[in-house]
Amino acid sequence: MCYNAAMLTVVVTGASSGIGRAAAIRFGREGASVLAVGRKASALDGVARDVRDAGGQCEPFEADVTTPDAPDSIVAAAVRAFGGLTTVVNAAGIIGSGSVENTSDVAWDEMIDVNLRAPFRLMRAATPHLVAAARATPPASIVNVSSVTGLRAFPGVLAYCVSKAGVDQLTRCAALELAPQGVRINAVNPGVVVTNLHRRSGMNDENYAAFLDRSKQTHPLGRPGHAEEIAELIVFLASDRAGWITGETISIDGGRHLTCAR
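Bear in mind that the values here come from a model prediction, so they are computed numbers and not experimental data.

Our focus in this paragraph is the overall build of the protein chain. When you go through the protein chain residue by residue, the secondary structure sums to nine helices and nine strands. Here the C-alpha atoms of the protein chain give a radius of gyration of 17 Å, agreeing with the 18 Å that 2.2 N^0.38 yields for 262 residues. Going through the 262 residues of the protein chain one by one, you find that 52% of them count as buried. Here the protein chain has roughly 11,900 Å² of accessible surface; of this, 53% comes from carbon and sulfur atoms. Charged side chains of the protein chain number 24 positive and 25 negative; the gap between the two group centres comes to 4 Å.

What follows concerns the pattern of salt bridges. The tally for this structure, following the rule as stated, stands at seven salt bridges. Linking Arg26 and Glu232 is a salt bridge whose minimum nitrogen-to-oxygen distance equals 2.9 Å. Of the two residues, Arg26 sits in helix α1 (residues 18-29) while Glu232 sits in helix α9 (residues 227-238), which places them 206 residues apart along the sequence. With a shortest N-O distance of 3.7 Å, Glu232 and Arg29 are connected by a salt bridge. Of this pair, Glu232 sits in helix α9 while Arg29 sits in helix α1, placing them 203 residues apart in sequence. Salt bridges here are not isolated pairs; linked through shared partners, they connect Arg26, Arg29, Glu30 and Glu232.

Now for the environment of Thr9. Tracing the backbone shows Thr9 in strand β1 (residues 9-12). Along the sequence, Thr9 and Thr86 sit 77 residues apart, while their C-alpha atoms lie 5.2 Å from each other.

Taken together, the seven strands give an open sheet; going across it, the order is β3-β2-β1-β4-β5-β6-β9, and neighbouring strands pair in parallel fashion. The sheet is open, and its two borders are formed by β3 (57-62) and β9 (249-252), each paired with just one other strand. Each neighbouring strand pair of the sheet contributes to a mean axis angle of 20°, computed without reference to strand direction. Bridge count for strand β5 (residues 140-145) against strand β6 (residues 183-190) is six bridges, and the pairing is parallel. Considered in β6, the bridge of Val143 is made with Asn186. Packing against the sheet, α1 makes contact with β1, β2 (33-38), β4 (87-90), β5 and β6, and its axis sits at approximately 170° to β1. Contacts from α9 reach β4, β5, β6 and β9, with the element oriented near 165° to β6.

The next subject is the packing of α1 against α9. Across the interface, α1 lies against α9 with an axial gap of 8 Å and an inter-helix angle of 55°. Our classification of the angle between α1 and α9 gives oblique. Every pair of crossing elements has a handedness; the one defined by α1 and α9 is right-handed. Residues Gly18, Ile19, Ala22, Ala23, Arg26, Phe27 and Arg29 of α1 lie in contact with α9, whose contacting residues are Ala227, Glu228, Ile230, Ala231, Glu232, Ile234, Val235 and Ala238. Here the residues of the contact of α1 with α9 sort into ten nonpolar, one polar and four charged.

Our next topic: the environment of Arg152. Residue placement: Arg152 occurs in the loop between α5 (148-151) and α6 (158-178). On the basis of relative accessibility, which here comes to 37%, the residue Arg152 falls in the partly exposed class. Considering only alpha carbons, one finds Arg152 and Arg256, 104 residues apart in sequence, at a separation of 9.4 Å. Looking at Arg152, its side chain comes within polar contact range of the main-chain oxygen of His257, at 2.9 Å.

Rules of the game
- Residues numbered from 1 in each chain as written.
- Predicted model: local features only at pLDDT ≥ 70, side-chain atom pairs only at ≥ 80, totals over all residues.
- Heavy atoms only, no water.
- Helix = DSSP H or I, 4+ residues; strand = E, 2+ residues; numbered from the N terminus.
- Rg over C-alpha atoms; globule rule 2.2 N^0.38 Å.
- Buried < 20%, exposed > 50% of the residue type's maximum accessible area, 1.4 Å probe, protein only.
- Areas by Shrake-Rupley, 256 points an atom, 1.4 Å probe, with all protein chains shown as cover.
- Lys, Arg positive; Asp, Glu negative; His and termini not counted.
- Charge placed at Lys NZ, Arg CZ, Asp CG, Glu CD.
- Salt bridge = Lys/Arg side-chain N within 4 Å of Asp/Glu carboxyl O.
- Pairing = 2+ DSSP bridges.
- Axes fitted to C-alpha atoms, helices over the stretch in contact; angles between N-to-C directions.
- Contact = heavy atoms within 4.5 Å.
- Parallel < 35°, antiparallel > 145°, perpendicular 65-115°, else oblique.
- Left-handed = near helix turned anticlockwise from the far one by under 90°.
- Nonpolar A, V, L, I, M, F, W, Y, C, P; charged D, E, K, R; others polar.
- Polar contact = N/O pair within 3.5 Å; in protein donor to acceptor, adjacent residues only side chain to side chain.

If you want it as structure tokens, here you go:
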């Protein structure tokens, strides 16, 4: 296995922006070797530079996580680059509006495909390598990026809520199955975080600014979160400091999960 200060070899999906990008860079600060997976090669090149500048190693890998061969290709690239795999971070995701009345089959399928099916398929492909890593010194783990919407119901984002609730249950069930083999699996459940997620879904700058301002009222701590804050929790959960934590869905949302929908 490729030597690095933390003996961590990490796959991060959705690494070209937002929480995935912040997580990749934060792992770099730990001295980890990171395979940064995303759909935009130019953005990934910038992430790779930032990870290296932070003190880690990084290989960019352009891929659409929903394609049939993506899981095996991603895992193979990590093993080829670093000699093994200790950690998977499923951070790729999309969001979209829609209710039970107007969510189309196409919108539903796309949401489930990206947010739930892709993490499952990558977890399945990575498991043999994570089990092998768990027998050695480094900790072996998976961290899934879920959402407060996986834990609480919100109107107007039906498919997104269901996809993230699925991620939470996937996390718990897989954690039980792989615990005897030493692989830990957890999820982080952010509230509103300042990224380009909502703008990619079609929200314009004016509406997004209003959405962030509204978050000051909907989050008890009075502000939206930042990707770097989520990355700190992801790296902690992947480390041996969290060696007795598995199957958890951890709210990191400024208290949003404590409130009623509003």
